[in-house]
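The residues making up each chain are set out below.
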Amino acid sequence: MDETSDEPPTSAVILDNCHFSQVVFNNVEKFYVPGGDVTCYYTLTHNIVPRGKDWVGIFRVGWKTTREYYTFMWAPQPRDGHGETAVQQQIQFKAYYLPKDDEYYQFCYIDQDGMVRGASVPFQFRAETEDDILVVTKQGEVEEIELQNKNLLKEKEELQASCAGLQKQNTNLQEELKKTQELQNALESLRSSTEKLELELNSLKTENKHLKELDERRERELHQFKEQIEKVTSEKESLATRLKTALDHVDQLQSRVSNYEKEMENLVHKDREKTEQLDSLKEENRQLCMSITQKEEQKKEIGQCLENLKRTESSLSSRLQNEQQQNSDLTKELEEQRHLLQILQAKTKESDEENQKLRKENDTLLKHLYQTRDVSSISVSQAQAPIPAPEAGLVFGNPYYAAGANLEARDAGMASMRKCPICDDVFPDDIDLSECEAHVQSHLLECPICSETFEKSNRQVYEDHMFCHGLE
């Protein structure tokens, strides 16, 4: 085998772990003449079992791994098998694949696993010189040897020339072999392609027959289709009229759907606004809770306000849930709520007017209270001075007007009295003015949003007023 065959098995072997004594190389020359074939003799000991992928390679001295071979030959298997006795083997390396330099080389036996099992002594590829041989001869023998050397040199030159010619012929033959192999490969590919084309031709022929049969069937079907088309055209005309009416109806439905979508968007927007109002109410509720802690004197009244707010929140949340579940009825409820809003707005206007009147009365009452405080410190002579008449427009009148008018009775020993404008309770003069104001304030309800005041007897007006704030 030559070097163009498959690559042999190699490994990055460590030389210390190799077993060089399992294969012994025999009759290794110190020099091999370049240009000639080299026969390698070796002995397989009983310690090695030869396998099919064992090989013998020529390595340059100083190699480290089995991948550094120069050339190789597959090791032949023993004919009689291999037992406990040693077996003599030989391999011939062709001159064309041998090294051309004068470096030192050696034979190595490599097994199937890429491990070295034996190595020879080093040798060179060069001709022996006269310095290498020391021979004692006579004069006559010297002349004969010189003639023989001349003849040998001529034969050597002729052999070298013939060897060079043979090498050229070998290279040409190898190139021709490569070309022939390429041509054979091309021929095989062409044969395979022709076979494929023939198969395709046969399949195309069968398909052509099948297509002709299909064509005949399709012509028949076309004739049937033409008859069906005539029927379909008549049906199409009738369907076209139906389509027009259906499209008109669809347009009407689409317009209705668009209107419904707009109404739904409005309802969703209102729903969001109401949720925002709920959040604002919750925030107001939290602020009211904060104010309750600061106003210990008004815990009971503000507690009632909070209960009312919670009721309104629960009613609003239930209404919102009902509105989300019953979107179809929202329009009717919104109209009712608008009607209620108009009524509540009218009531709020009335309550605002009443609140304005009450504020005016409260202002006048406070003025008179301050005046009565001043009057208590004034002497009796000053008490006889003319007292201004009560202001017009007060709903409940000035409760301290009578006290101012009866200052003369104070000189006679009558104790001055104070009267509540709401419940008509009378307070003695020794009670502080702040207690009177607290008593009057206990009859009133104050809005936590706009600070308007309402009498407790008009609680429904106060609740309607708070409900209007919730709807804003």
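In this text the structure is predicted, and so the values were computed from the model without any measurement.

Parameters and conventions
Residues numbered from 1 in each chain as written. Predicted model: local features only at pLDDT ≥ 70, side-chain atom pairs only at ≥ 80, totals over all residues. Heavy atoms only, no water. UniProt positions renumbered as here; feature names shortened; annotations may be inferred. Helix = DSSP H or I, 4+ residues; strand = E, 2+ residues; numbered from the N terminus. pLDDT = per-residue confidence, 0-100. Contact = heavy atoms within 4.5 Å. Buried < 20%, exposed > 50% of the residue type's maximum accessible area, 1.4 Å probe, protein only. Pairing = 2+ DSSP bridges. Core = buried A, V, L, I, M, F, W, Y, C linked by side-chain atoms within 4.5 Å.

Which residues make up the UniProt feature "domain: UBZ1-type" (unreviewed entry) in the protein chain, and what values go with them?
Within this structure's numbering, the places UniProt gives as "domain: UBZ1-type" (unreviewed entry) are residues 444–469. A helix fraction of 42% and a strand fraction of 23% characterise residues 444–469, whose end C-alpha atoms lie 19 Å from each other.

Quick one: what's the story with the confidence of the model for the protein chain, residue by residue and with numbers?
Scored by pLDDT, the protein chain has a mean of 79; 83% of the residues are at 70 or more. Note on residues 132–136: pLDDT under 50 across the span, and three contacts to partners over four residues away in sequence or across chains. Below a pLDDT of 50 lies the segment residues 378–417, which in the model reaches 46 contacts outside its immediate sequence neighbourhood of four places, other chains included.

If you had to explain the pairing of strand β3 (residues 38–44) to someone new, which residues and values would you point to?
Summarising burial for β3: five of the seven residues are buried, a large majority. With four bridges joining them, strand β1 (residues 23–26) and β3 adopt antiparallel strand pairing. Looking at β3, one finds that Val23 is bridged to Leu44. Bridge count between β3 and strand β6 (residues 87–93): seven bridges; the pairing is antiparallel. Note that in β6 the partner of Val38 across the bridge is Phe93.

Lay out the nonpolar core in plain terms, naming residues and giving numbers.
Ranked by internal contacts, the top residues of the largest apolar core, which has 21 residues, are Phe25, Tyr42, Val56, Phe93, Phe107 and Tyr109. When contributions to this core are tallied by element, the ones reaching two or more residues are β1, β3, β4 (55–60), β6, β7 (104–110) and β9 (123–125). Considering every element that reaches this core, the biggest residue donor is β3, with four residues. Core analysis: the next-biggest nonpolar cluster, separate from the first, contains 11 residues, Leu288, Leu306, Leu309 and Phe454 among them.

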